[in-house]
Amino acid sequence: MPRYYITTAIDYANSNPHSGTAYEKIGADAIARWKRLQGYDVHFLMGMDEHSMNVEKKAVAAGMDPEAYCDGMEPKFTDLWKALHISNDDFIRTTQKRHIAGATEFFRRCHAKGDIYKAKYVGLYCVGCEAYLKDSDLVDGRCRNHNTPPQKLEEENWFFRLSKYTDAVRRHIEENPEFVQPEIRRNEVLNVVRDGLEDISISRSTFKFGIPLPCDPSHVMYVWFDALINYISAVGFPDDPARFERLWPADLHVIGKDITRFHCALWPGMLLSAGLPLPKSVWGHGWVHYKGQKMSKSTGHLLDPWDVIEPHGADALRYFLLREIAWDRDGDFTWDSFTLRYNADLANDLGNLLHRTLNMMHRFSAGTVQAASEPDPKDGALAAHLEGCFDGVSAAMDRLALSEALERIWDSVRRTNQYIEENAPWTLNKQGRTARVQTVMANLATAMEYLSVLLHPFIPQSAGRIREQLGLDPAPGALSRAFVLRAPGGKVREGTVLFPRIETREPKGN
RNA sequence: GGCGGCGUAGCUCAGCUGGUAGAGCAAGGGAUUCAUAAGCCCUGGGUCGACGGUUCGAGUCCGUCCGCCGCCA
């Protein structure tokens, strides 16, 4: 069974996750689940990024030591991921032993390669950015991102010789179109790399909460050098070579578009230095805007995922984000658009389809799948449509076009509703055409099962409920293109409403 | 300033290598009743941002401009 290693960015421990954070995990989860359905041995990694001056400060402000502070933050993330049914196989924290060991060994290798050196750095430092600023970062002498005056700092830092890998990284991006996706991100990174990469400071001596450099314990690793290594320290680097061999290189790093540069320029440079293979692909997704504006931690303009999950369920949020926001660009969440999508797609089209199907099975078919003893060309047309849908979804998922895959599935949801209309089982029933009614119902039960498998990656809980109501195991069966009628005899449950229609309701305080 | 993206029906967007515009939602109408007042059928004349150019013919190619946006400097 081929393996598929997928990761998301590890999140900063200094603030709660919001819907943009959730979007990334939901998208990655849909991909991971799809790959599992396809039969891949998937390893799905997520985690939390802890070492940094900002985390240390937050902790100190709360009167805690940084480790304890991070322990307290962990459930803010993991509880949300559980609630969203994110199917990650592992959750790494950069304070864990395995990661410290990995980062330390990684640094040693780069050091041994001659790619680490010490130099004095004088510059303007922004605490918010955790980075030195260039003149162009300043607006009226203040950081353009944080609107705060920078500090003048002079530090002896350790540097990573990234410049040495400019050509190698550039060639790799040029020769491997799938390495940076989508296209727009690739153009951006190429732009940066073609201008030449600069050596980068990778240590700090101004705070303690970090991994000490093996060559100079008075310095700790700078956040990015530390954080990126999680992708390998989580899978056995360096202490479990067999596991590492099996899982690395990753098939896909899912990240936000803002950190493309670190993943597509710095990270490959680091790996080349350490003599390790590069990940196969990096996907920089777009932003979820909220009511037309960028979400922002500093202004507090945020959509709290719990505000959607608690009243409407995880799948409502998952569906909206995956359907409404194409995975390669930005999109907007408003309560109106959420309500429209939810009612039109989930309640009216899908939920109602299941409900009316189950109801008719009880009224016309004894709540049981009967033999399809009176077939009709209409049945074959439905089956052909669904199999075409399968192809469309597969093709879309191959391109990671998640919203397109959902569009294809909904074509089939609509098509199945049409199948009901064109057969009008209620009329057949009045006419006493029992064999035909039962055949129609058998096709419908099969169609719903077929759809439940395709829906699973996107709305796993609801897909499971659909299957339960159909009298099936909630876990999706294997992915299979062929539309094969269900064997007679299976009982279905009384339908319960999957997605009750909702009124637009904006939580107060938003 | 350099590179790139976007600007198409009220909304969200499709429109590949050029041949007189499409989908979903929303809206209006209709026939039904198994169903979550849902579903199904019918109905869309929008200067395809503006102006030029190439062409027998251009959202679709070229140029200029305008308006948003991203990356870099």
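What counts, and where the lines are drawn
Residues numbered from 1 in each chain as written. Chains lettered and ligands numbered in written order. Predicted model: local features only at pLDDT ≥ 70, side-chain atom pairs only at ≥ 80, totals over all residues. Heavy atoms only, no water. Helix = DSSP H or I, 4+ residues; strand = E, 2+ residues; numbered from the N terminus. Rg over C-alpha atoms; globule rule 2.2 N^0.38 Å. Buried < 20%, exposed > 50% of the residue type's maximum accessible area, 1.4 Å probe, protein only. Contact = heavy atoms within 4.5 Å. Areas by Shrake-Rupley, 256 points an atom, 1.4 Å probe, with all protein chains shown as cover. Near = heavy atom within 4 Å. Polar contact = N/O pair within 3.5 Å; in protein donor to acceptor, adjacent residues only side chain to side chain. Nonpolar A, V, L, I, M, F, W, Y, C, P; charged D, E, K, R; others polar. Domains from an automatic or database assignment. Buried area = accessible area lost by both parts, 1.4 Å probe. Salt bridge = Lys/Arg side-chain N within 4 Å of Asp/Glu carboxyl O. Pairing = 2+ DSSP bridges.

Glancing now at the overall build of chain A. Helices and strands together make up the secondary structure of chain A, namely 18 helices and 19 strands. Since a compact globule built from 510 residues should have a radius of gyration of about 24 Å, the 26 Å found for chain A is in line with a globular shape. In chain A, buried positions account for 56% of the 510 residues. Contacts in chain A between residues at least 24 apart in sequence constitute 77% of all its contacts with a sequence separation of at least 6. Accessible area for chain A stands at about 20800 Å²; split by element, carbon and sulfur atoms hold 49% of it.

This part is about the protein's contact with RNA strand B. Around RNA strand B, a shell composed of 34 residues is seen, among which Glu188, Arg329, Asn352, Arg356 and Phe499 lie nearest. Lysine 294 places a side-chain nitrogen or oxygen 3.4 Å from a phosphate oxygen of RNA strand B. At 3.1 Å, a side-chain N or O of glutamate 421 approaches a base nitrogen of RNA strand B. Of the residues forming the surface near RNA strand B, the biggest block, 13 residues, is contributed by helix 13 (residues 335-365). For the surface near RNA strand B, the per-class residue count stands at 11 nonpolar, 9 polar and 14 charged.

Right, let's get into the domain arrangement of chain A. Here chain A is described as being made up of domain 1 (3-286) and domain 2 (335-469). Of note, the centres of domain 1 and domain 2, computed from C-alpha atoms alone, are 43 Å apart. The partner domain 2 presents 14 residues to the 11 residues of domain 1 that form the contact. Carbon and sulfur atoms make up 76% of the surface buried where domain 1 meets domain 2, a total of about 1100 Å² over both sides. When the area that domain 1 buries against domain 2 is broken down by residue, the three leading residues are Arg33, Trp34 and Leu37, summing to 48%. At the boundary of domain 1 with domain 2, the tally comes to 0 salt bridges. At the junction of domain 1 and domain 2, the tally comes to 1 residue pair in polar contact (both at pLDDT 80 or more). With 7 residues, the single largest contributor to the side of domain 1 that touches domain 2 is helix 1 (residues 19-37).

What follows is about unusual backbone geometry. In this structure, the amide linkage connecting glutamine 181 to the following residue, proline 182, adopts the cis form with an omega of -5°. Looking at the element boundaries, proline 182 is found in the loop between strand 10 (180-181) and helix 6 (183-194). Geometrically, the link from tryptophan 248 to proline 249 is a cis peptide bond, its omega value of 5° lying close to zero. The backbone phi angle of leucine 400 is positive, close to 60°, even though this residue is not glycine. Along the chain, leucine 400 falls in the loop between helix 14 (377-398) and helix 15 (402-423).

Once that is clear, we can look at the pairing of strand 1 (residues 3-8). Strand 1 sits mainly inside the fold: 6 of its 6 residues count as buried. With 5 bridges connecting them, strand 1 and strand 3 (residues 41-49) associate as parallel partners. Note on strand 3: the bridge partner recorded for tyrosine 5 is histidine 43. In this structure, strand 1 lies alongside strand 15 (residues 252-256), joined through 3 bridges in parallel fashion. What sits directly across from threonine 7, in strand 15, is histidine 253.

Topologically, histidine 263 is positioned in helix 10 (residues 260-274). Histidine 263 gets classed as buried once you look at its relative accessible area, which sits at 1%. There is a polar contact of 2.7 Å between the side chain of histidine 263 and the side chain of tyrosine 231. Looking at histidine 263, its side chain comes within polar contact range of the main-chain oxygen of isoleucine 259, at 3.1 Å. Each residue touching histidine 263, except ones within four places of it in the same chain, is listed here: Phe179, Trp224, Leu228, Tyr231, His253, Ile255, Pro268 and Val282.

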